[in-house]
Amino acid sequence: MHQLSAKAGGRKTRRALRRQTFAEVTIIYMGLETPGLLRDLSTSGAAIELKGGFRGMVGSSVKLTCDGLCTVEAHIRWFRNGRIGVEFDGCSNTAAKVHAYFKYYHREMMFQVA
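We now turn to the structure provided with this report. Quantities reported herein were computed from a predicted structural model and do not represent experimental measurements.

## Brief notes about the packing of aromatic side chains
According to the stated counting rule, one finds two aromatic pairs in the structure shown. Ring centres of Tyr-29 and Phe-54 lie 5.7 Å apart, and the angle between their planes is 55°; on these two criteria the pair is classed as tilted. Of this pair, Tyr-29 sits in strand E3 (residues 19–29) while Phe-54 sits in the loop between strand E5 (45–50) and strand E6 (61–66), and the two are 25 residues apart along the sequence. Taken as a pair, Tyr-29 and Phe-54 share a single burial class, namely buried. Centre to centre, the rings of Phe-54 and Phe-79 are 5.5 Å apart; their planes meet at 80°, and the pair counts as edge-to-face. Here Phe-54, found in the loop between E5 and E6, pairs with Phe-79, found in strand E7 (residues 70–80); they are 25 residues apart in sequence, far enough to count as distant.

Okay, here's the thing in structure tokens:
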């Protein structure tokens with residue numbers, strides 16, 4: 001099932017709730033590994049801040065590895081300003097990995113006001 005729906009003006013809206021996170025991730029593209037930071041995550045995709053050079057193209061397949069998330073396959077949906085957005089393949093196994101990540105590994109960011 002596709003997680004995006006059309007919106008006026010041709011833009012797509014998200015159906016899956018994205019949650020902010022801050023985790024080390026490795027993007028594997030054509031055998032090359034690029035480190036990054038997982039910035040937000042949902043059962044349908046993620047946004048990643050790149051920490052190294054990356055030459056992937058929109059539409060290309062990548063693998064992501066991350067503690068707690070294991071390895072998931074995705075397609076690059078956008079790439080700009082040192083960040084990429086990926087869409088997961090939509091299988092129930094990937095959704096289960098995302099749910100487990102939030103249950104066991106993700107810690108909500110706490111801010112203290114002085």
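## Here we look at unusual backbone geometry
Even without a glycine there, the phi angle at Met-30 is positive, about 50°. Position of Met-30 among the secondary structure elements: in the loop between E3 and strand E4 (32–41). Located in the positive-phi region is Asn-81, a residue other than glycine, with phi close to 50°.

## A few points about the side chain of Ser-42
Within the secondary structure layout, Ser-42 lies in the loop between E4 and E5. Looking at Ser-42, the relative accessible area reads 2%, which means it is buried. Side chain to side chain, Ser-42 and Ser-44 meet in a polar contact 3.0 Å long.

## Focus on the pairing of E3
As paired strands, E3 and E4 are joined by nine bridges and run antiparallel to one another. Paired with Tyr-29 across the two strands is Leu-32, which belongs to E4. Linking E3 to E4, which pair antiparallel, is a turn of two residues; within it Met-30 sits at a positive phi near 50°. In this structure, E3 lies alongside E6, joined through three bridges in antiparallel fashion. For Ile-28, the partnering residue across the bridge sits in E6 and is Lys-63.

Reading guide: rules and limits
Residues numbered from 1 in each chain as written. Predicted model: local features only at pLDDT ≥ 70, side-chain atom pairs only at ≥ 80, totals over all residues. Heavy atoms only, no water. Phe/Tyr/Trp six-rings, centres within 6.5 Å; stacked < 30°, edge-to-face > 60°. Helix = DSSP H or I, 4+ residues; strand = E, 2+ residues; numbered from the N terminus. Buried < 20%, exposed > 50% of the residue type's maximum accessible area, 1.4 Å probe, protein only. Polar contact = N/O pair within 3.5 Å; in protein donor to acceptor, adjacent residues only side chain to side chain. Pairing = 2+ DSSP bridges.

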